[in-house]
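# Secondary and tertiary structure notes
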Amino acid sequence: MTMTSPTKAPETGVPHTAHRAPRRPSRFKPGAGKQLQGGPFAYIALAVVGIGSILPLYWTLVAASHTQDEVLASTPPFLPGGRLMHNLDAAWNQAHLGKAIVNSVIVSGCITAATLFFCTLAGYAFSKMRFRGRSGLMTAVIATLTIPPQLSVVPLFMMMSDIGWGGHLESVIFPTLVSAFGVFFMRQYLSEALPYELIEAAKVDGANNFRIVLSVVLPVARPAMMVLGMLTFVQAWNDFFWPYLALNQQNPTLQVALGQLSASYTPDQSIVMAGALISTLPLLVVFVIFGKQIVGGIMSGAVKG
């Protein structure tokens with residue numbers, strides 16, 4: 001009987017392995033990175049959301065362009081009428097909206113500028129600077145968000161009265177120059193968006209802290225600052241509770257002045273709606289001017305990871 005020797009595998013210089021390790025599945029599915037195509041359901045959902053967002057503003061325009069009897073009728077109108085300019089003029093003169101708009105612009109502009117400045121500096125300090133007690137201070141800042149603002153109304157009102165700012169715009173501006181939410185928001189953004197290498201490179205070039213903030217931190221933080229600025233301006237513009245307590249009828253902000261239109265025993269709803277339309281227009285103008293930067297800032301924070 002003849003014996004056959006086993007055939008040897010050719011030597012290729014690569015060690016032979018009996019079992020090959022399984023390949024890890026890819027995290028990316030075929031076609032990942034392509035632009036998604038919206039189906040009929042997506043268009044229907046977008047249409048419903050768009051109509052729901054525009055409907056309150058459209059109804060304000062319709063109610064502001066009719067008489068009160070037409071607005072309160074059993075079948076209210078659905079198309080704008082011809083009394084818009086008359087109602088706008090009546091609301092403007094009855095509530096003295098000219099001075100109120102100027103006061104609201106001053107208050108909202110000062111609060112927004114101060115919040116962006118101080119919150120950006122604080123966010124940079126909490127995210128990139130090392131100092132003793134940093135974690136404890138950040139925890140204290142976040143803890144202030146849990147305190148209802150109504151609890152501080154009485155001591156804050158007494159403080160403003162003692163200083164002599166009662167009835168003045170300073171009593172509305174200075175208590176809100178910085179916000180805990182703004183500090184936390186900028187700290188979270190700069191922690192991811194600002195690498196230490198940029199700061200170290202600026203220090204090697206001889207830049208001091210002021211120069212680093214001006215040339216490195218502010219350009220990096222610009223998208224988040226646009227978003228925070230929009231949120232702060234809208235909140236300051238629409239604030240009613242504290243300005244109503246701190247100011248008087250001779251020196252009101254826009255929301256306080258609009259409250260006077262509905263303070264009578266039988267307010268004219270068409271004139272009230274005309275005043276509400278006037279208060280909305282500046283916000284629309286701000287969004288039209290800075291809308292591209294605001295949306296870009298939101299998307300920049302959304303894709304960062």
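Worth saying up front: this structure is predicted, and the values here are computed from it rather than measured.

A separate point is the overall build of the protein. Helix and strand content of the protein: 13 helices and zero strands. Secondary structure elements of the protein occur, N-terminal to C-terminal, as α-α-α-α-α-α-α-α-α-α-α-α-α. Looking at the protein as a whole, 30% of its 305 residues qualify as buried. Nonlocal contacts in the protein, meaning residues at least 24 apart in sequence, comprise 72% of its contacts between residues at least 6 apart.

A word on the packing of helix α4 (residues 97-128) against helix α5 (residues 134-143). Direction vectors running N to C along α4 and α5 enclose 135°, while the axes themselves pass 10 Å from each other. Viewed along their axes, α4 and α5 adopt a mutual orientation that is oblique. Between α4 and α5 lies a crossing of left-handed hand. Contacts between α4 and α5 pair Ala125, Phe126 and Ser127 from the former with Arg134, Leu137 and Met138 from the latter. For the contact of α4 with α5, the residue count by class is four nonpolar, one polar and one charged.

To continue, consider the packing of aromatic side chains. Within a pair of aromatic rings, the relevant descriptors are the distance that separates the centres and the angle that separates the planes. Considering all chains together, one arrives at six aromatic pairs under this definition. Aromatic pair Phe117 and Phe118: ring centres 5.2 Å apart, planes at 70°, arrangement edge-to-face. Since its relative accessible area comes to 49%, Phe117 is described here as partly exposed. On the basis of an interplanar angle of 50° and a centroid distance of 6.1 Å, the ring pair of Phe126 and Phe131 is categorised as tilted. Residue Phe126 is classed as buried on the basis of its relative accessible area of 11%.

A few words on the environment of Leu218. Inspection of the secondary structure puts Leu218 in helix α10 (residues 209-238). Look at Leu218 and you get partly exposed, because its relative accessible area is 28%. Separated by 98 residues in sequence, Leu218 and Thr120 place their C-alpha atoms 7.9 Å apart. Those residues in contact with Leu218 that lie beyond four places of it in its chain are Thr120, Val213 and Met225.

Low-confidence regions, as indicated by low pLDDT, have predicted coordinates that should not be scrutinised in detail. Summarising the model, the protein shows a mean pLDDT of 82, and 82% of its residues fall at 70 or more. No element of the protein has a lower mean pLDDT than helix α13 (residues 269-303), at 75, and none a higher one than α4, at 92. Note on residues 1-5: pLDDT is under 50 here. Beyond four places in sequence and across chains, it has zero contacts. In the model, residues 301-305 has pLDDT below 50 throughout and makes three contacts with residues more than four positions away in sequence or in other chains.

Before going further, it helps to spend a moment on helix α1 (residues 40-64). In a regular helix each residue adds 1.5 Å, so 25 residues correspond to 36 Å; α1 covers 36 Å between its end C-alpha atoms and thus fits that length. Largest kink in α1: about 35°, centred on Leu55, with the proline Pro56 one to four residues after it. All of the buried residues in α1 are Thr60, Val62, Ala63 and Ala64.

Attention shifts here to the nonpolar core. Of all hydrophobic cores here, the largest spans 24 residues; its most connected members are Tyr124, Val183, Met186, Leu190, Leu194, Ile212 and Val217. For this core, the secondary-structure elements that each account for two or more residues are α4, α5, α8 (180-193), α9 (196-204) and α10. For Tyr124, the contacting residues outside a window of four places in its chain are Met129, Leu190, Leu194, Ile199, Ile212, Val213 and Val217. Residues Leu88, Ala100, Phe233 and Leu283 belong to the second largest nonpolar core, which totals 20 residues.

Conventions adopted
- Residues numbered from 1 in each chain as written.
- Predicted model: local features only at pLDDT ≥ 70, side-chain atom pairs only at ≥ 80, totals over all residues.
- Heavy atoms only, no water.
- Helix = DSSP H or I, 4+ residues; strand = E, 2+ residues; numbered from the N terminus.
- Buried < 20%, exposed > 50% of the residue type's maximum accessible area, 1.4 Å probe, protein only.
- Contact = heavy atoms within 4.5 Å.
- Axes fitted to C-alpha atoms, helices over the stretch in contact; angles between N-to-C directions.
- Parallel < 35°, antiparallel > 145°, perpendicular 65-115°, else oblique.
- Left-handed = near helix turned anticlockwise from the far one by under 90°.
- Nonpolar A, V, L, I, M, F, W, Y, C, P; charged D, E, K, R; others polar.
- Phe/Tyr/Trp six-rings, centres within 6.5 Å; stacked < 30°, edge-to-face > 60°.
- pLDDT = per-residue confidence, 0-100.
- Expected span 1.5 Å × (residues − 1).
- Bend = angle between axes of the 7 residues up to and from the residue.
- Core = buried A, V, L, I, M, F, W, Y, C linked by side-chain atoms within 4.5 Å.

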